[in-house]
Amino acid sequence: MALPVVALREINPDALLPHRQERTPAGVDLTRIERAVREILIGVGEDPDRDGLLDTPRRVAKAYAELLGGLRENAAEHLSKVFEHQTSGDDLVVVRDIEFASMCEHHLLPFVGKAQVAYLPEHGRVVGLSKIARTVDVFARRPQLQERLTSQIADAITAHLGARGVAVIVEGKHMCMSIRGAHKPAADMLTTAFRGLLERNASLRDQAIGLLQHR
């Protein structure tokens with residue numbers, strides 16, 4: 001007796017996995033970004049429909065949503081979670097080497113670096129270590145200028161934490177300086193912002209700078 005013939009077909013392993021619906025970040029139009037990326041690829045003479053580039057517009061759209069996520073965040077959410085700590089006089093709180101990645105708003109190329117932050121608590125009001133780092137990310141993860149980034153960090157800590165003084169030093173290396181234009185890969189940029197007592201009191205400011213730059 002002849003056995004029945006069974007038609008075999010290739011099974012996609014992904015089809016066996018539970019279906020996961022992709023979430024679109026609020027306020028981000030991924031489809032619109034995809035269309036723009038396709039136009040860029042066509043504009044530079046590429047074929048967005050070839051194998052290696054088929055998924056590139058989607059990948060780029062998701063990357064931009066992540067890299068520019070700070071546009072949908074508010075530093076107050078992090079800096080409002082304070083706790084009381086007994087301080088004496090002008091005790092400084094210092095957080096160093098906060099790494100960040102940002103996007104130059106002139107060329108939409110990355111710049112990366114470190115932020116150094118010091119503040120004088122008001123009435124012992126301090127925040128957790130991670131909240132300062134998250135505040136840096138809120139402002140770094142958006143189209144930026146390093147000068148503005150530095151000022152925004154200082155202003156946010158002053159406004160939302162009520163700090164009596166703030167010092168922020170940011171060091172950055174800019175892709176728009178190293179891989180195009182001037183082509184100076186070794187060049188970096190240093191920006192500072194001082195608020196309150198750390199702006200008015202030279203002795204306290206020098207103390208903060210010394211702590212932030214000490215290695």
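Everything that follows concerns the structure shown earlier in this document.
First things first, this report covers the structure right here in the doc.

### Here's the deal with helix 2 (residues 56-67)
Here helix 2 contains 12 residues, and its C-alpha end-to-end distance of 16 Å stays within 8% of the 16 Å for a straight helix at 1.5 Å per residue. Looking only at helix 2, the buried set comprises Thr 56, Pro 57, Ala 61 and Ala 65.

### Thoughts on unusual backbone geometry
Most peptide bonds adopt trans geometry, and most residues besides glycine take a negative phi value. For Asp 97, which is not a glycine, the phi torsion comes out positive at approximately 55 degrees. Within the fold, Asp 97 resides in strand 2 (residues 93-104). Using a relative accessible area of 33% as the deciding quantity, one classes Asp 97 as partly exposed. With phi around 55 degrees, Leu 108 is a residue other than glycine that occupies positive phi space.

### Let's talk about the pattern of salt bridges
For the structure shown, the criterion picks out 7 salt bridges. For the salt bridge of Glu 34 with Arg 58, the shortest nitrogen-to-oxygen distance reads 2.5 Å. Taken as a pair, Glu 34 in helix 1 (residues 30-43) and Arg 58 in helix 2 lie far apart in primary sequence, 24 residues in all.

### Thoughts on the nonpolar core
Judged by nonpolar contacts, the single largest core of 29 residues is most densely connected at Tyr 119, Ile 132, Leu 149, Ile 153 and Ile 157. At the level of elements, strand 2, strand 3 (110-120), strand 4 (125-127), helix 4 (129-140), helix 5 (146-161) and strand 6 (165-174) are the ones that each hand at least two residues to this core. Per-element accounting of this core gives the leading share, 6 residues, to helix 5. Aside from chain neighbours lying at most four places away, what touches Leu 149 is Phe 100, Phe 111, Val 136, Phe 139, Ala 140, Gln 144 and Val 170. Counting residues in hydrophobic clusters, the runner-up holds 10 residues, among them Leu 120, Ile 169, Leu 204 and Ala 208.

### Here's the deal with the packing of aromatic side chains
Under the defined criterion, the tally for this structure stands at 1 aromatic pair. For the pair Phe 100 and Phe 111, a centre-to-centre distance of 6.0 Å together with 80 degrees between the ring planes defines the contact as edge-to-face. With Phe 100 in strand 2 and Phe 111 in strand 3, this pair connects stretches of sequence that are 11 residues apart. Assessed through its relative accessible area of 5%, Phe 100 is described here as buried.

What counts, and at which threshold
Position numbers for residues start from 1 in each chain and track the written sequence from start to end. Reporting of local features is limited, given that this is a predicted model, to residues whose pLDDT is at least 70; pairs of side-chain atoms are given and counted only at 80 or more, and all residues count toward the totals for whole chains, interfaces and linings. The basis for every side-chain value is the complete set of non-hydrogen atoms in the structure, without hydrogens or water. Per the convention used, a helix needs a DSSP run of H or I reaching at least four residues, while a strand needs a run of E reaching at least two, with both numbered from the N terminus. The span expected for a helix works out to 1.5 Å for each residue beyond the first. The cut-offs for exposure are 20% and 50% of the maximum accessible area for each residue type, with area from a 1.4 Å probe on protein chains only; residues under the lower value are buried, those over the upper are exposed, and the others partly exposed. Criterion for a salt bridge: a side-chain nitrogen of Lys or Arg within 4 Å of a carboxyl oxygen of Asp or Glu. The term nonpolar core refers to a set of buried residues drawn from Ala, Val, Leu, Ile, Met, Phe, Trp, Tyr and Cys, joined through side-chain atoms within 4.5 Å. By the convention used here, residues are in contact when the closest approach between their heavy atoms is within 4.5 Å. Paired rings are identified among Phe, Tyr and Trp, the last through its six-membered ring, by centres lying within 6.5 Å, and are further divided according to the angle between planes into stacked (under 30 degrees), edge-to-face (over 60) and tilted (the rest).

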